[in-house]
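Working through the structure, step by step
Below are the chains, spelled out letter by letter.
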Amino acid sequence: MALTKKIQIDGKEVIFRASAAIPRIYRLKFGRDIFKDLMELEKSMKKNDEDKSNLDIGSLELFENIAYVMAKHGDKSVPDSPEEWLDNFSTFSIYQILPQLIELWGLNIKSEEVPKKK
């Protein structure tokens, strides 16, 4: 079961979708593991805060790619490249958006767990 979440970004409502297809889409498009990248970003964010951030450019690119894939999966009208999509925003805060995407994944994983028979 896919889950969606609407997030306000730069005055626009963006629909993000988490489903079983996302890890495959992300791997095919970027050659990376979305779960490893999400965990890495979550760890980096816990060490930093918005005022004294030292997240590197690689971390920001991972975040943008994850957000892009989840947004494209939620809304087929999203442009075909992350760069073109990001051009629609004047601000795109990792500190505002990433925690919500991680929460969406947490909800998605929880809803897909199958109880074990005793």
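Structure first, text after, so check above.
The present account deals with the structure reproduced in this document. (Residues numbered from 1 in each chain as written. Predicted model: local features only at pLDDT ≥ 70, side-chain atom pairs only at ≥ 80, totals over all residues. Heavy atoms only, no water.)

Some thoughts on a negative patch on the surface
A grouping of E61, E83, E84 and D87 is seen on the molecular surface, where their side chains present a negatively charged patch. Checked against the element boundaries, E84 lands in helix α4 (residues 82-86). Using a relative accessible area of 47% as the deciding quantity, one classes E84 as partly exposed. (Patch = residues over 30% accessible without salt bridge, like charges linked within 9 Å, V, L, I, M, F, W, Y side chains within 5 Å. Areas by Shrake-Rupley, 256 points an atom, 1.4 Å probe, with all protein chains shown as cover. Salt bridge = Lys/Arg side-chain N within 4 Å of Asp/Glu carboxyl O. Lys, Arg positive; Asp, Glu negative; His and termini not counted. Charge placed at Lys NZ, Arg CZ, Asp CG, Glu CD. Helix = DSSP H or I, 4+ residues; strand = E, 2+ residues; numbered from the N terminus. Buried < 20%, exposed > 50% of the residue type's maximum accessible area, 1.4 Å probe, protein only.)

As for the pattern of salt bridges
Scanning the model with the defined rule gives three salt bridges in all. The closest approach of N and O atoms between D37 and R32, which form a salt bridge, is 2.7 Å.

Side note on the packing of helix α1 (residues 22-30) against helix α3 (residues 57-74)
The geometry of α1 relative to α3 is characterised by a closest axis approach of 10 Å and an angle of 125° between their N-to-C directions. Taken together, the axes of α1 and α3 lie oblique to each other. Of the two elements, α1 crosses α3, and the hand of that crossing is right-handed. Of the residues in α3, those in contact with I22, I25, Y26, K29 and F30 of α1 are L62, N65, I66, Y68, V69, M70 and H73. When grouped by side-chain class, the residues that make up the contact of α1 with α3 number nine nonpolar, two polar and one charged. (Axes fitted to C-alpha atoms, helices over the stretch in contact; angles between N-to-C directions. Parallel < 35°, antiparallel > 145°, perpendicular 65-115°, else oblique. Left-handed = near helix turned anticlockwise from the far one by under 90°. Contact = heavy atoms within 4.5 Å. Nonpolar A, V, L, I, M, F, W, Y, C, P; charged D, E, K, R; others polar.)

Things to note about the packing of aromatic side chains
For the coordinates displayed, the defined rule picks out eight aromatic pairs. On the basis of an interplanar angle of 55° and a centroid distance of 5.4 Å, the ring pair of Y26 and F30 is categorised as tilted. Residue Y26 and its partner F30 are both found in helix α1; the two are separated by four residues, about one turn of the helix. Given a relative accessible area of 0%, Y26 falls into the buried group. Joined through ring pairs, the aromatic side chains of F16, F63, Y68, W85, F89 and F92 make up one cluster. (Phe/Tyr/Trp six-rings, centres within 6.5 Å; stacked < 30°, edge-to-face > 60°.)

Observations regarding α1
Residue pairs three or four apart in sequence face the same way in an α-helix, which turns once every 3.6 residues. Buried residues of α1: I22, P23 and Y26, and no others. Within α1, the buried residues cover an arc of 100° as seen down the axis, which keeps them to one side. Among the exposed residues of α1, those pointing more than 90 degrees away from its buried face are R24 and L28. (Arc of directions from axis to C-beta.)

A word on the nonpolar core
Judged by nonpolar contacts, the single largest core of 34 residues is most densely connected at F16, M70, W85 and F92. Elements supplying a minimum of two residues to this core: β1 (3-9), β2 (12-18), α1, α2 (34-47), α3, α4 and α5 (94-112). (Core = buried A, V, L, I, M, F, W, Y, C linked by side-chain atoms within 4.5 Å.)

A look at the pairing of β1
Note that β1 and β2 share seven bridges and pair antiparallel. Looking at the pairing, K5 lines up with F16 of β2. In this antiparallel pair of consecutive strands, β1 and β2, the connection spans two residues, and D10 shows a positive phi of 55°. (Pairing = 2+ DSSP bridges.)

Nothing here speaks to function; it is all geometry.
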